[in-house]
Amino acid sequence: PQSLTQVGKYIGSADNDGGVIVADKGASGAVHYGPYINVGPGRYVVTFDIEADSSEEGAVRLDVAAAPDQRIMNKITLNHIDGPFAMNIDVDKLRTLEFRVWALGKSKVVFKSVSIKRKY
């Protein structure tokens, strides 16, 4: 419920184990952005748990940006996804990271969570 979003609607779960943000087909913009966390130098794996219906033009874009210059550390556009997607990022110095999920308007997108884990 604390996710920052431009498009989509938060839907809580009946058993309080978390909720999702759902952006219906036609919605275009940030389904999730943030949180802004500080990380030191190293290699990390960022895992987005999302679902997106198929679209040949691209259904969802995922990226990791670093403040203050909004440098994109890694990004990908997916035509379809049904579950976790992991990407590696290399951080060269202390940075503030933001994790973003973009609905491209071509399909329904469901955002569940994002996590980061240091590899080394």
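As shown above, the structure is provided for reference.
Residues numbered from 1 in each chain as written. Predicted model: local features only at pLDDT ≥ 70, side-chain atom pairs only at ≥ 80, totals over all residues. Heavy atoms only, no water.

Trainee: What exactly am I supposed to notice about unusual backbone geometry here?
Mentor: Negative phi is the rule for most residues except glycine; trans is the rule for most peptide bonds. Here Gly34 and Pro35 are connected by a cis peptide whose omega angle stands at -25 degrees. Among the structural elements, Pro35 can be located in the loop between β3 (28–32) and β4 (37–39). In this model, Gln70 sits at a positive phi of 60 degrees, which is unusual for a non-glycine residue. Mapped onto the secondary structure, Gln70 falls in the loop between β6 (60–67) and β7 (71–78). (Helix = DSSP H or I, 4+ residues; strand = E, 2+ residues; numbered from the N terminus.)

Trainee: Whenever I open this one, the environment of Gly8 confuses me. Can you help?
Mentor: Structurally, Gly8 is set in the segment before β1 (9–11). Gly8 gets classed as partly exposed once you look at its relative accessible area, which sits at 40%. Gly8 has contacts with Ile21, Val22 and Ala23, leaving out every residue within four places of it along the chain. (Buried < 20%, exposed > 50% of the residue type's maximum accessible area, 1.4 Å probe, protein only. Contact = heavy atoms within 4.5 Å.)

Trainee: When you look at the nonpolar core in this model, what are you seeing that I'm missing?
Mentor: When a protein is soluble and globular, its nonpolar side chains tend to lie buried together. Counting residues in hydrophobic clusters, the biggest one holds 27 residues, and the most contacted among them are Val31, Phe48, Val60, Val64, Leu97 and Val101. Within the residue set of this core, elements represented by two or more residues are β2 (20–23), β5 (42–52), β6, β7, β8 (81–91), β9 (95–104) and β10 (109–118). Of all the elements, β5 adds the most residues to this core, at five residues. Not counting the four nearest positions on each side in its chain, Val60 is found in contact with Ile50, Ala52, Ile76, Thr77, Leu78, Ile81, Val101, Trp102, Leu104 and Val109. (Core = buried A, V, L, I, M, F, W, Y, C linked by side-chain atoms within 4.5 Å.)

Trainee: Help me understand the sheet that holds β10 in this model?
Mentor: By definition, the strands of a sheet pair up through backbone hydrogen bonds, in either a parallel or an antiparallel sense. One open sheet holds the five strands; their spatial order is β1-β2-β10-β5-β8, and the pairing between them is antiparallel. This sheet does not close on itself; its edge strands, each paired only once, are β1 and β8. Pairwise comparison of adjacent strand axes, ignoring direction, gives a mean angle of 30 degrees for this sheet. As defined by bridge partners, β2 adjoins β10 across three bridges and the pair is classed as antiparallel. In the strand pairing of β10, Ile21 is matched with Phe111. (Pairing = 2+ DSSP bridges. Axes fitted to C-alpha atoms, helices over the stretch in contact; angles between N-to-C directions.)

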